[in-house]
Amino acid sequence: MAFTNRTSNCSLGVPVDFYRYGCTDSRHIEAATNALMHAIDLPGRTWNPYLKAAARSEFKRRLITARQGRLKPIEQVKSINDHPSAPLFEIRWQHIRVVEPAAAGDDGRGHDVCVRLLHCEPPNLGVVAIGLHAHEKALISASHHRIREEQDAEILKAERLYHEGRPTNWGIGNAPRR
């Protein structure tokens, strides 16, 4: 079955029950925000309190907007059409500021990274979005082939979580809403 040209629940203008797969309490937005922060907290990166707070705030703000069903299609949420084994979407952040290590005597060099939260929206569970896997998008400066390979590897991780959670409805029956 091909899952193409789908519109995300997160952009339909109606409230969405948002869950983070594996979260066992009602703090699903916080759990997804933590997963996104973990995805960009790479070895060697330095964080000042301002940049860390700004990234966390941007992640949380977009997740709340997703829960409100107000994301802009393509720009902020997009369906994943190239992987037909699972109906996946990605919530997108294009400009999250990070600081990479620099040469001796330098404080580092800041630049923006792209971050994704891959999620599913099983129709049998109502108007939901279930965050499965957070990752930093492959470097834009890499070759198209390398970028595609890295993105496919991340999508495969989300597909595995989708199939792993499917028999139990991703724990939704046991999870507090929102």
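See the structure shown above.
Residues take numbers from 1 onward in each chain, read along the sequence in its written order. For a predicted model such as this one, the threshold for reporting local features is a pLDDT of at least 70, and the threshold for listing and counting side-chain atom pairs is 80 or more; totals across whole chains, interfaces and linings nevertheless cover every residue. Side-chain calculation: all heavy atoms of the structure are included, whereas hydrogens and water are not.

S.K.: I'd like a description of the layout of surface pockets, backed by residues and values.
M.R.: Put simply, the grid is 1 Å and covers the protein atoms alone, a cavity is a trapped set of points that fit a 1.4 Å probe, a pocket is an open set with protein on both sides within 12 Å along at least five of seven lines, and lining residues have an atom within 4 Å of a point. Grid points are joined across faces, edges and corners, and a volume is the space filled by probe spheres set on the points. Each pocket or cavity is described by its volume, and for the largest pocket that value is around 250 Å³. Around the largest pocket, the lining comprises 16 residues; the ones closest to its centre are Lys78, Ile80, Glu90, Arg148 and Gln151. Listing elements by their share of the lining of the largest pocket, those giving two or more residues are β2 (77-80), β3 (88-100), β4 (109-120) and α3 (144-165). Runs of E in the DSSP output that reach at least two residues are strands. Runs of H or I that reach at least four are helices, and both are numbered from the N terminus. Top element by residues in the lining of the largest pocket is α3. It accounts for four residues. What the second largest pocket holds in volume is close to 160 Å³. What lines the second largest pocket is Tyr50, Leu51, Ala54, Ala55, Glu58, Arg62, Arg92, Trp93, Gln94, His95, Ile96 and Arg97. Sorting the residues of the lining of the second largest pocket by element identifies α2 (49-67) and β3 as the ones contributing at least two each.

S.K.: Before we move on, could you go through unusual backbone geometry and cite the residues and values that matter?
M.R.: With a phi angle near 70°, Ile74 is a residue other than glycine that sits in the positive phi range. Under the relative-accessibility criterion, Ile74 is labelled exposed at 55%. The backbone of Trp170 shows a phi angle near 55°, a positive value even though the residue is not glycine. Look at Trp170 and you get buried, because its relative accessible area is 6%. With a 1.4 Å probe rolled over the protein chains alone, any residue whose accessible area is under 20% of its type maximum counts as buried; one over 50% counts as exposed, and the rest are partly exposed.

S.K.: Mind laying out the environment of Ala54, listing which residues take part and the relevant values?
M.R.: With respect to the helices and strands, the residue Ala54 is situated in helix α2. Classification of Ala54 as partly exposed rests on a relative accessible area of 31%. Through-space distance from the C-alpha of Ala54 to that of Ile96 is 8.4 Å; in sequence the pair is 42 residues apart.

S.K.: Pulling in residues and values, what's your account of the pattern of salt bridges?
M.R.: Here a salt bridge means any side-chain nitrogen of Lys or Arg lying within 4 Å of a carboxyl oxygen belonging to Asp or Glu. Applying the stated criterion across every chain, the model contains 12 salt bridges. Residues Arg56 and Glu30 are paired through a salt bridge, measuring 3.3 Å at the closest nitrogen-oxygen approach. In this pair, Arg56 is assigned in helix α2 and Glu30 in helix α1 (residues 28-40), connecting sequence segments 26 residues apart. For Arg56, a relative accessible area of 29% translates into the label partly exposed. Here Glu30 falls in the partly exposed class, since its relative accessible area comes to 33%. Arg148 is the partner of Asp152 in a salt bridge, and the nearest nitrogen-oxygen pair spans 3.7 Å. Taken together, the residues Asp152 and Arg148, both in helix α3 and four residues apart, mark about one turn of the helix. Look at Asp152 and you get partly exposed, because its relative accessible area is 23%. Several salt bridges converge on common partners, so that one network encompasses Arg45, Glu100 and Glu136.

S.K.: How would you sum up the sheet that holds β4? Please name residues and give values.
M.R.: Pairing between the strands of a sheet is mediated by backbone hydrogen bonds and can be parallel or antiparallel. Only when DSSP finds a minimum of two bridges between them are two strands counted as paired. Spatial ordering of the open sheet is given by β1-β5-β4-β3-β2, a layout of five strands whose pairing is mixed. Strands with a single pairing partner mark the edges of an open sheet, and in this sheet they are β1 (17-20) and β2. Neighbouring strand axes in the sheet, compared pairwise and without regard to direction, differ in orientation by 40° on average. Here β1 runs beside strand β5 (residues 128-136); their pairing, made up of four bridges, is parallel. From the neighbouring strand, Tyr19 faces β5, where its bridge partner is Ile130. Residue contacts are defined here by distance: any two heavy atoms, one from each residue, within 4.5 Å place the two residues in contact. Axis geometry follows a simple rule: fit a line to the C-alpha atoms, using only the stretch in contact for helices, then measure angles between N-to-C directions, giving values from 0 to 180 degrees. Relative to the sheet, α2 contacts β1, β3 and β4, its axis offset from that of β3 by approximately 165°. Against the sheet, α3 makes contact with β2, β3, β4 and β5, and its axis sits at roughly 145° relative to β5, the strand it touches most.

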